[in-house]
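Read off the chains here:
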Amino acid sequence: MRILVIEDDPVLADGLKVGLGLAGMTVDCVDSCADGRAALATSAFDAVVLDLMLTDGSGLDLLREMRGAGDRTPVLLLTAMDETSDRIRGLDTGADDYLGKPFDLDELGARVRAIARRGLGRASPCLAAAGILLDPAVLSATLHGAPLSLSRREFSVLAALMERPGTVRSKAEIEDRLYGWQEEIESNAVEVHIHHLRAKIGREAIETVRGLGYRIRVTP
Amino acid sequence: MTSLRGRLFAILLSATGVIWLSAVLWIYVGTRGELEHVLDTRLQEAARMVNSLVASADITAPAAVLPSLSAESSGYERQLSCQIWSLDGRLIARSSSAPDSRLTEAESGFSDRVVDGETWRIYTIANATTGARVMVGDRLGLRDRLVSDLIKGLLAPALLIAPLLALLIWISLGRGLRPLRTMARDVGGRDADDMSPIDPVRAPAEVKPLMQALNGLFAKVEAARRHEREVTAFAAHELRTPLAGLKTQAQIAMSAGDCAVRQGALQQIVLSVDRTTRLVRQLLALAKLDATAEPHAREPVTVGDVFDEIAATAPAPKSDVSVAIEPALRSLTIVASRELLTLALRNLQENAVQHTPSGGTVTWRRAAAGTGIIIEDEGTGIPEDEMPLVTQRFFRGRNRSAIGTGLGLAIADAAVRRMGGQLRLANRRDHGGLEATVQMAPDTRS
């Protein structure tokens, strides 16, 4: 799950990057509206964590801009101003959720997962396909009821494929989900992860669509 | 008297009363003089008339003539009394209203005399040919009654009208003062938060200055409150954000299995605690600056002592940035508030150190001319478009440092201005970096 954090406090931004990373998310951090705008234009995110008071403007303006341009990316507002009227204004501007500072890191993770899930049109917190059950909240996986041991990256690749079972995900899309901007991507990293996954869940579970990418088999 | 209406009512009513009484007095005096003259003339006429009667007919039984003299209208009957005396002192005749005793001893002309306890005014004509002296008189009491009746006639309607007039004045005053009452109701019925100006369109010219003064006050109070709200909101944001960072990092440190991750989180916590401590110190300094309205005591301060104090009390500065202080500046003595000068210089130094890269130097020096104190850093300076904004509270520009609070320059500026001085900021032309000059106003005491 790839998350964009727009927060200008360096300590908090670092905490979000590391903390949400521990929860299995790939996090990119920017510290201004302008950088956030640029990030949203170049990459697809599953959710955005947006601070309201940024040095070059209000997060609300960026949010309004996003919604005006038809951007449907789920947004969680993070702000020190958590009066009821502020919450109402934030939600009415197009935010999907609202969290006042200071907050609980686990709660933030859960809320981000929830808005990302709803952004994909899912209600169930768990992903299920081809006999595999993924629980993103605790990063646990089972295959036909038996526990499945996956690395963080493997889990992310599998989650990306299982979010839309039967749909082809390109290698670039999967890479996007796995790595933030600052991270170095090895050229065959996705292939390596797919290879390891196939070893664990069976060759037929992940289908290679030549020239397009990969997809999870819908019928077991 | 505290009621404007009551006061105006009293003034108007007493003024009306005084004017009325003056008019009555004027009429009284004028009428009385006129009446004296008319009645004296009548006495004279009557005396002459009787005298000519006496001369034309040899009156032996004059009583026949005289009753006609007393045939006067009711209320004022028997106004005139007449006596005819022979020159040798015998009473020849008298009118019925006349007293028995001789009216006057005067030979001729006007005279006043008290007869039987009443004051009379008498006119006497002595006629040598008829050998008779005619005296015609009236009682002064009658004259007084005439005048007092006249005055009563004037006063009676006045007394009737007075309450009506008072009522009219009272009602008119009420109507006239209505705009004041409306304004009082308008202002009195407001919420504590409502600082909108009073609508000046309906106000009469006399009330407008008061209304404008009130509106001016409202505007000032509103501005002060807005400022306070903004500062509080900013302070809340600036405090809760590091708290959120602290909590997040603490949770990471607790849950991270990886030693490096935990170490990183703990380092972030230390960094954040340092920054937050400084933020709290600066917020308190600002609150203190805002709270004390009275001017701080000014005294001669040796700048070197201030630097010693800053060095002694400042939290450990970034060890890799050195602070150089020019000896000429150390010995400089300026007249200032020691407390405010320390506050200003400390914040300028912290700001400079924060923006100077590792291994750099922050330099304090004395201005070439005058008593200006200059600090130079080796940072990136301030973009020109942000120059007017950097002394605003919580403003953090594009070239901000990681641990800045956005308050340092605001505090320095406020402290210097409180001392009557000026803080000038300029980017250094020779190197990158900022040059800040504290220029104190010349000492006006000497």
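Along each chain, numbering runs from 1 in the same order as the chain's sequence is written. All chains are assigned letters beginning at A, and all ligands numbers beginning at 1, according to the order in which they are written. Where totals are concerned, whole chains, interfaces and linings use all residues; where local detail is concerned, this predicted model gives features only for residues with pLDDT of at least 70, and gives and counts side-chain atom pairs only at 80 or more.

Colleague: How do you make sense of the overall build of chain A when you look at a structure like this?
Modeller: Where helices and strands are cited, they refer to DSSP runs of H or I of at least four residues and of E of at least two residues respectively, numbered from the N terminus. A tally of regular secondary structure across chain A gives 8 helices and 13 strands. Between the buried cut of 20 or more and the exposed cut of 12 or fewer other C-beta atoms within 10 Å of a residue's own C-beta lies the partly exposed class, and all C-beta atoms are placed from the backbone. Scored against the burial criterion, the 220 residues of chain A give a buried share of 41%. Contact between two residues is assigned whenever their backbone-derived C-beta positions fall within 7 Å. Put simply, of all contacts in chain A between residues at least 6 apart along the chain, 59% involve residues at least 24 apart.

Colleague: Explanation requested: the overall build of chain B in the structure shown.
Modeller: Summing up its helical and strand segments, chain B has 10 helices and 12 strands in all. A buried classification covers 26% of the 446 residues belonging to chain B. Long-range contacts, defined as pairs at least 24 residues apart, comprise 61% of the intrachain contacts of chain B with a sequence gap of at least 6.

Colleague: Whenever I open this one, the interface of chain A and chain B confuses me. Can you help?
Modeller: How big an interface is tends to be reported as the loss of accessible area on association of its parts. Facing 18 residues of chain A, the contacting portion of chain B comprises 24 residues. As a working rule, the residues Ala, Val, Leu, Ile, Met, Phe, Trp, Tyr, Cys and Pro are called nonpolar, Asp, Glu, Lys and Arg charged, and the rest polar, with Gly in that last group. By residue class, the composition of the side of chain A that touches chain B is 12 nonpolar, 3 polar and 3 charged.

Colleague: Please explain the sheet that holds strand 10 (residues 140-143) of chain A as it appears in this structure.
Modeller: Residue and element names in this part refer to chain A. The criterion for strand pairing is that DSSP finds at least two bridges linking the strands in question. Strand order in the open sheet formed by 4 strands is 8-9-10-11, and the pairing between neighbours is antiparallel. At either margin of the open sheet sits one strand with a lone partner, and together these are strand 8 (127-129) and strand 11 (146-148). When the angles between neighbouring strand axes are averaged without regard to direction, this sheet yields 25 degrees. Bridging between strand 8 and strand 9 (residues 132-135) involves 3 bridges; their strand directions are antiparallel. Each residue of the ladder has a partner; that of Leu 127, found in strand 9, is Leu 134. Think of each axis as a best-fit line through the C-alpha atoms, taken over the contacting stretch in the case of a helix, with angles from 0 to 180 degrees between the N-to-C directions.

Colleague: I tried to follow helix 7 (residues 171-178) of chain A on my own but got confused; where do I start?
Modeller: Residues and elements named next belong to chain A. When we look at burial in helix 7, the residues that qualify are Ile 174, Arg 177 and Leu 178. Angularly, the buried residues of helix 7 cover 100 degrees about the axis, an arc narrow enough to put them on a single face. Residues of helix 7 that are buried in the fold lie against strand 1 (2-6), strand 2 (26-30), helix 6 (152-163) and helix 8 (189-201). Each C-beta atom gives one direction from the helix axis, and the arc is the one those directions make.

Colleague: Teacher, can you tell me more about the pairing of strand 3 (residues 109-115) of chain B here?
Modeller: Remember that side chains alternate between the two faces of the sheet whenever the strand is regular. Where strand 3 of chain B and strand 4 (residues 118-127) of chain B come together, 7 bridges link them in antiparallel fashion. When the bridges of strand 4 of chain B are listed, B:Arg113 appears paired with B:Trp120.

Colleague: Honestly, the sheet that holds strand 12 (residues 434-439) of chain B in this entry has me stumped. Any pointers?
Modeller: Neighbouring strands of a sheet are bound in pairs by backbone hydrogen bonds; such pairs are parallel or else antiparallel. Residues and elements named next belong to chain B. Across the sheet, which stays open at both edges, the 5 strands sit in the order 7-9-10-12-11 with mixed pairing between neighbours. Of all the strands in the sheet, just strand 7 (322-325) and strand 11 (422-427) have a single pairing partner and so form its edges. The average angle at which neighbouring strand axes cross in this sheet is 15 degrees, direction not considered. Pairing of strand 10 (residues 373-376) with strand 12 involves 4 bridges; the strand directions are antiparallel. Looking across to strand 12, one finds that Ile 373 is bridged to Val 438.

Colleague: Is there a simple way to explain the UniProt feature "modified residue: 4-aspartylphosphate" (unreviewed entry) in chain A in this structure?
Modeller: Residue and element names in this part refer to chain A. Residues annotated in UniProt with the feature "modified residue: 4-aspartylphosphate" (unreviewed entry) correspond here to Asp 51. In this fold, Asp 51 is placed in strand 3 (residues 47-51). Every residue in contact with Asp 51, bar those within four places of it in the chain, is listed here: Ile 6, Glu 7, Asp 8, Gly 59, Leu 78 and Thr 79. UniProt positions are given in the numbering used here, feature names are shortened, and annotations may be inferred rather than shown by experiment.

Colleague: Would you mind showing me how to read the pairing of strand 1 of chain A here?
Modeller: Residues and elements named next belong to chain A. In terms of burial, strand 1 is a largely internal element, 5 of the 5 residues being buried. Residues of strand 1 alternate between two faces, with Arg 2, Leu 4 and Ile 6 on one and Ile 3 and Val 5 on the opposite face, all of them buried. In this structure, strand 1 lies alongside strand 2, joined through 5 bridges in parallel fashion. Across the sheet, the residue bridging to Leu 4 is Asp 28, located in strand 2. A right-handed crossover is one whose linking path, passing over the helix from the first strand to the second, runs clockwise when the strands point away from the viewer. Handedness of the β-α-β unit built from strand 1, helix 1 (residues 10-22) and strand 2 comes out right-handed. Sheet topology note: the strand 1/strand 3 ladder contains 4 bridges and is parallel. Bridge assignment links Leu 4 to a residue of strand 3, and that residue is Val 48.

Colleague: I would appreciate a short explanation of the packing of helix 2 (residues 33-42) of chain A against helix 3 (residues 59-68) of chain A in the present structure.
Modeller: Two measures define how a pair of helices packs: the angle their axes make with one another and the distance between the axes. All names here are of chain A. Two numbers describe how helix 2 lies on helix 3: the axes approach to 10 Å, and their chain directions differ by 25 degrees. With respect to their mutual orientation, helix 2 and helix 3 come out roughly parallel. By crossing handedness, the relation of helix 2 to helix 3 is classed as right-handed. On the side of helix 2, the interface is formed by Cys 33, Gly 36, Arg 37 and Leu 40, while helix 3 contributes Asp 61, Leu 62 and Met 66. Looking at side-chain class alone, the contact of helix 2 with helix 3 contains 4 nonpolar, 1 polar and 2 charged residues. Throughout this description, any angle smaller than 35 degrees is read as roughly parallel, any larger than 145 degrees as roughly antiparallel, any in the 65 to 115 degree range as roughly perpendicular, and the remainder as oblique. Left-handed is the label given to a crossing in which the near helix is rotated counterclockwise from the far helix by less than a right angle, and right-handed is the label when the rotation is clockwise.

Colleague: I keep staring at the UniProt feature "transmembrane region" (unreviewed entry) in chain B and nothing clicks. Help me out?
Modeller: Mapped onto the present numbering, the UniProt feature "transmembrane region" (unreviewed entry) falls on residues 7-29 and 154-173 of chain B. The span residues 7-29 of chain B carries 100% helix and 0% strand; its end-to-end C-alpha distance comes to 33 Å.

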